[in-house]
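Here is how the chains run, residue by residue.
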Amino acid sequence: MVQTDNLIFHYKKKENHIFKFPDITLNEQENLLILGKSGIGKTTLLHLLAGLLNPVSGEVMIEGVAINTLSHWGLDKFRGQHIGLIFQKNYAVQSLNIVENLQARLFFSGKSVNNKTIDFFLEQLGLKDCKKSKANELSEGQLQRLGIAMAVIHGPKVILADEPTSSLDDENCEMVINLLIKQAKQTKANLIVITHDHRIKPLFSNSISL
Amino acid sequence: MKAKPLYTFLSVFILALSIALLFGIQQLETSLKYQMENNLGAIDLVIGAKGSPLQLVLSSVLHIDNPTGNILYEDAKKISKNPLIKTAVPIAYGDNYKGYRIVGTTDEFAALYHGKLKKGREPKKAMEVILGHTVAEQENLKIGDTLLSSHGLVENDIDLHSEHLTVVGIYQPTKKVIDRLIVTNLKSVWEVHHHHNNNEEDKKEEDHLQHHENLDEGEEISSLLVSFRSPLALLTLPKRINEHTNMQAALPKYELEKLYQYTGIGFKTISWIAYMILVISCLSIFISLYKMVKERAFDLALLRTYGASNFQLIRMVAYEGLTIGFLAFMLGLLLSKAGLYFLFKMVETQYKQNMLQELPYQQFLQTGALVSIMILISISLAIYPIIKMNISTILSHEK
């Protein structure tokens, strides 16, 4: 469950450039596509939802918790447990291999490090053959799938994806989104995708434009 | 750390070097100061032959240099009668046993150092000796053993006397110079040299001419160790002796203080160098950690989105710095101990004395704390960017 209320934000150095975001209300297992041109504040909204930024005013409620009222430490913990983030470019810790990255993900989110779970996700995402490869040795497509695994392995309540398809061709684009929707369904999470990529609009029943 | 083993090794080594220097120089200074202050005992004034006053003090008080020459026992006795003098202990040198100096003196000598007999008795006749604790221990000598002295103050095998000295007593350890002396009465020294002179006149003795050139003119001693009855004596006695007799009076406190000041400059210089290296090594730790934090800012931000707290990230980085610090501390201690050990081993064979003094606990703690604080400061400065990290900014910019 995700709910935002009168979210307003501006960056410190640009106080006259104010972002006002429409309210969002998502019930359990509802997904949302947020469309908008670049520069309109899509990533900012995503970071507000993830608690990486603090709104100037307004509120973000995730699973009934107003995340902006949490302490610094509490927010870190909450984010680790309940939110999965997928970035525009798919990042993982460079010096670790796939399995170690996933282990770290589970460790920091406070979940027990279960190698069966890791194997299950690697199987599903077709990463089993390169589980010992370092993040910087993977192809774009493999990294994308690792990014998804990193975002969902700990069973988050909200999956936030920032332009997950911008660097993909049509075929892979559809596959990645379908994969995300499937994973969200499996873990009963809300999936929020922000993008300027209109190709994926048909895949979502629920969308807003900024 | 695993990725840059050489750089890590360098950090550890530089830090260890500064720690070793700091501890080493402090221990050396402590040892020297202890030697100087402790061995003074109750000696206020040393009277001996004219020459360098520092040499007189070094030979008669610390027993590490050659005497300046001999004085007539008669003259010394005359001075001893001065009412300002509480005790006057004559000492006569001439021989050694395996490098340990044999001092001919009176029973009062041990009292200057609060030395007490552990076993045996005082010498009653000539050729009887009491051993200092170190001598007995190192040479494994017991009461009743006999030893052959050799001429001069430095160990040699060529110039042995033929008379046997008999051990009649052993002193308790005092941690003072008496531990490494062989004490006998004046007569023994005189007798040995009478004999020596008569039999071996043809031997060349340039180094120790002063000990035996004029035995016929009367009994001689190397110096007279004086303690005053009142500080008033300080004002009159040295001046009178220096001006009106052919002997000289030297104030050990003053001479050693002077010596200490000279060496103090060296200690200070080395200390400052050690502090500089400490600063540089902390700087190198700071730079390597800071660089790591900056280079891995992206990874660290990513870990934050995984739910890692600031504290966990700081711990990861601090762990690396602390490991370097800990390794360096251990290595530094080891280096200073090993360095001093070899240094003093060298001095020991030369002067037959163990002068190494443990650093006082408090000073050790102080220096340790200083080093730790410096390391902690450099780590704290390096992890500051983690605390100030803006995850959103780092993640929305490409690498």
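Calculation criteria
Residues numbered from 1 in each chain as written. Chains lettered and ligands numbered in written order. Predicted model: local features only at pLDDT ≥ 70, side-chain atom pairs only at ≥ 80, totals over all residues. Heavy atoms only, no water. Axes fitted to C-alpha atoms, helices over the stretch in contact; angles between N-to-C directions. Helix = DSSP H or I, 4+ residues; strand = E, 2+ residues; numbered from the N terminus. Parallel < 35°, antiparallel > 145°, perpendicular 65-115°, else oblique. Left-handed = near helix turned anticlockwise from the far one by under 90°. Contact = heavy atoms within 4.5 Å. Nonpolar A, V, L, I, M, F, W, Y, C, P; charged D, E, K, R; others polar. Pairing = 2+ DSSP bridges. Expected span 1.5 Å × (residues − 1). Bend = angle between axes of the 7 residues up to and from the residue. Buried < 20%, exposed > 50% of the residue type's maximum accessible area, 1.4 Å probe, protein only. Core = buried A, V, L, I, M, F, W, Y, C linked by side-chain atoms within 4.5 Å. Salt bridge = Lys/Arg side-chain N within 4 Å of Asp/Glu carboxyl O. Phe/Tyr/Trp six-rings, centres within 6.5 Å; stacked < 30°, edge-to-face > 60°.

**Quick look at the packing of helix α1 (residues 5-39) of chain B against helix α11 (residues 361-387) of chain B**
Any two packed helices are characterised by the angle at which their axes cross and by the distance between the axes.
All names here are of chain B.
Phase 1 of the analysis: Where α1 contacts α11, the two axes come as close as 11 Å, and the packing angle between them is 160°. If you check the angle between α1 and α11, you find them roughly antiparallel. When you trace α1 past α11, the crossing you get is right-handed. In this structure, α1 contributes Leu 15, Ile 19, Leu 22, Phe 23, Gln 26 and Thr 30 to the contact, and α11 contributes Gln 363, Phe 364, Thr 367, Gly 368, Val 371 and Ile 375.
Phase 2 of the analysis: In the contact of α1 with α11, the residues fall into 7 nonpolar, 5 polar and no charged.

**Quick word on the sheet that holds strand β4 (residues 32-35) of chain A**
Sheet strands associate in pairs through backbone hydrogen bonding, adopting either a parallel or an antiparallel arrangement.
Residue and element names in this part refer to chain A.
Phase 1 of the analysis: Spatial ordering of the open sheet is given by β7-β8-β9-β4-β10, a layout of 5 strands whose pairing is parallel. The sheet is open, and its two borders are formed by β7 (83-86) and β10 (207-209), each paired with just one other strand. Each adjacent strand pair in this sheet contributes to an overall mean axis angle of 15°, direction not counted.
Phase 2 of the analysis: Note that strand β8 (residues 158-162) and strand β9 (residues 190-195) share 5 bridges and pair parallel. Bridge pairing in β9 links Asp 162 to Ile 194.

**Let's talk about α11 of chain B**
Residues and elements named next belong to chain B.
Phase 1 of the analysis: End to end, α11 covers 37 Å across 27 residues, agreeing with the expected 39 Å (1.5 Å per residue, within 8%).
Phase 2 of the analysis: Along α11, the sharpest change in direction is near 30° and occurs at Leu 381; proline Pro 385 comes one to four residues later.
Phase 3 of the analysis: Every buried residue belonging to α11 is among Thr 367, Gly 368, Val 371, Ile 375, Ser 378, Ile 379, Ala 382, Ile 383, Pro 385 and Ile 386, and all of these are buried.

**Brief notes about the nonpolar core**
Phase 1 of the analysis: The biggest cluster of nonpolar side chains holds 107 residues, and the ones touching the most others in it are Leu 102, Leu 146 and Leu 160 of chain A.
Phase 2 of the analysis: Beyond its immediate sequence surroundings of up to four residues, Leu 102 of chain A is in contact with Ile 118, Leu 122, Leu 146, Ala 149, Met 150 and Ile 153 of chain A.
Phase 3 of the analysis: Counting 29 residues, the second largest nonpolar core, distinct from the first, contains Met 36, Leu 62, Ile 130 and Val 177 of chain B.

**Here we look at the pattern of salt bridges**
Phase 1 of the analysis: As enumerated under the stated definition, the model contains 12 salt bridges over all chains in all.
Phase 2 of the analysis: Here Lys 128 of chain A and Glu 123 of chain A are joined by a salt bridge, their closest N and O atoms 3.3 Å apart.
Phase 3 of the analysis: Residue Arg 121 of chain B is joined to Glu 128 of chain B by a salt bridge in which the shortest nitrogen-to-oxygen separation is 2.9 Å.
Phase 4 of the analysis: Using a relative accessible area of 31% as the deciding quantity, one classes Arg 121 of chain B as partly exposed.
Phase 5 of the analysis: Residues joined by salt bridges that share partners form a network here, namely Asp 76 and Arg 79 of chain A together with Arg 304 of chain B.

**A few points about the pairing of strand β6 (residues 128-131) of chain B**
Residue and element names in this part refer to chain B.
Phase 1 of the analysis: Both faces of β6 are covered, namely the face carrying Glu 128 and Ile 130 and the face carrying Val 129 and Leu 131.
Phase 2 of the analysis: As defined by bridge partners, β6 adjoins strand β9 (residues 181-185) across 3 bridges and the pair is classed as antiparallel. Among the inter-strand pairings, Ile 130 is bridged to a residue of β9, identified as Val 183.

**Topic: the side chain of Arg 79 of chain A**
Phase 1 of the analysis: Mapped onto the elements of the fold, Arg 79 of chain A is located in helix α2 (residues 72-82).
Phase 2 of the analysis: Overall, the relative accessible area of 2% leaves Arg 79 of chain A in the buried class.
Phase 3 of the analysis: Excluding residues within four positions of it along the chain, Arg 79 of chain A makes contact with Ala 50, Gly 51 and Leu 52 of chain A together with Arg 304, Thr 305 and Ile 391 of chain B.

**Considering the packing of aromatic side chains**
All names here are of chain A.
Phase 1 of the analysis: Going through the model one piece at a time under the given rule, you end up with 13 aromatic pairs over all chains.
Phase 2 of the analysis: Here Tyr 11 and Phe 19 contribute two aromatic rings whose centre-to-centre distance is 6.2 Å and whose plane-to-plane angle is 85°, an arrangement assigned as edge-to-face.
Phase 3 of the analysis: Judged by its relative accessible area of 8%, Phe 19 is buried.
Phase 4 of the analysis: Between Phe 120 and Phe 121, the aromatic rings sit 5.6 Å apart at their centres with planes inclined by 85°, giving edge-to-face as the arrangement.

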